[in-house]
Amino acid sequence: MLGHIVNDTSICKRYIRPKEAAEQLGKPEEEVLKLASMAGAICQLPVITLINCKKMEDYMKHLYKISGTNKYVQKKYVRIGEGSIMYSIGRHRFVEMARTAGAVYKVNG
């Protein structure tokens, strides 16, 4: 989770600097800025660049890290629960739309 714990309380920052985000995610600052840009989480002020933590975390939830590398890709397949949350619709409606589109794949039964 991005943000910091301040004075032993659960107060998290809404915006952090790219350098802080890079340290927390263990990634180079350029890669963090690229991810933040794709997430629409960059807040450019006249003197400083900030990253919106909530937008960045929401975007990162839909990414899958390729093991052995530092690359992230968007998930190609999602479960019913993940898809209904991702598109903010009910489970039944999500399944109905996926079946209509021919996009339902059953694994192990």
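Per chain, the residues get numbers from 1 upward, laid out in the order the sequence is written. Since the coordinates come from a predicted model, pLDDT governs what is reported: local features require at least 70, and pairs of side-chain atoms require 80 or more to be given and counted, while whole-chain, interface and lining totals use all residues. Derived side-chain values reflect all non-hydrogen atoms in the structure, with water molecules and hydrogen atoms excluded from consideration.

### Things to note about the pattern of salt bridges
For step 1, the next point in the chain: Salt bridge, as applied in this entry: a Lys or Arg side-chain nitrogen positioned within 4 Å of an Asp or Glu carboxyl oxygen. Enumeration according to the criterion identifies 3 salt bridges in this entry.
For step 2, the next point in the chain: Across the pair Glu31 and Lys27 runs a salt bridge, and its minimum N-O distance is 3.9 Å.
For step 3, the next point in the chain: For the exposure calls, accessible area comes from a 1.4 Å probe over protein chains only, and a residue counts as buried if that area is under 20% of its type's maximum, exposed if over 50%, partly exposed in between. Residue classification places Glu31 among the partly exposed positions, given a relative accessible area of 22%.
For step 4, the next point in the chain: Under the relative-accessibility criterion, Lys27 is labelled buried at 7%.
For step 5, the next point in the chain: Between Arg93 and Glu96 there is a salt bridge; the shortest N-O distance is 2.7 Å. Of this pair, Arg93 and Glu96 both sit in helix H5 (residues 91–101), separated by 3 residues, roughly a single helical turn.
For step 6, the next point in the chain: On the accessibility criterion, Glu96 (34% relative accessible area) is partly exposed. A helix here means a DSSP run of H or I that spans at least four residues, while a strand means a run of E at least two residues long, and both kinds are numbered starting from the N terminus.

### Digging into the packing of helix H1 (residues 18–25) against helix H2 (residues 29–39)
For step 1, the next point in the chain: Direction vectors running N to C along H1 and H2 enclose 105°, while the axes themselves pass 9 Å from each other. Regarding the angle of H1 to H2, the classification is roughly perpendicular. Counted together, Pro18, Lys19, Ala21, Ala22 and Leu25 of H1 and Glu29, Val32 and Leu33 of H2 form the full contact between these two elements. Every axis corresponds to a line fitted to the C-alpha atoms, with the helix fit spanning only the stretch in contact, and the corresponding angles, defined between N-to-C directions, vary from 0 to 180 degrees. Comment on the angle field: the value is read as roughly parallel under 35 degrees, roughly antiparallel over 145, roughly perpendicular from 65 to 115, and oblique elsewhere. For this analysis, residues touch if any pair of their heavy atoms sits within 4.5 Å.

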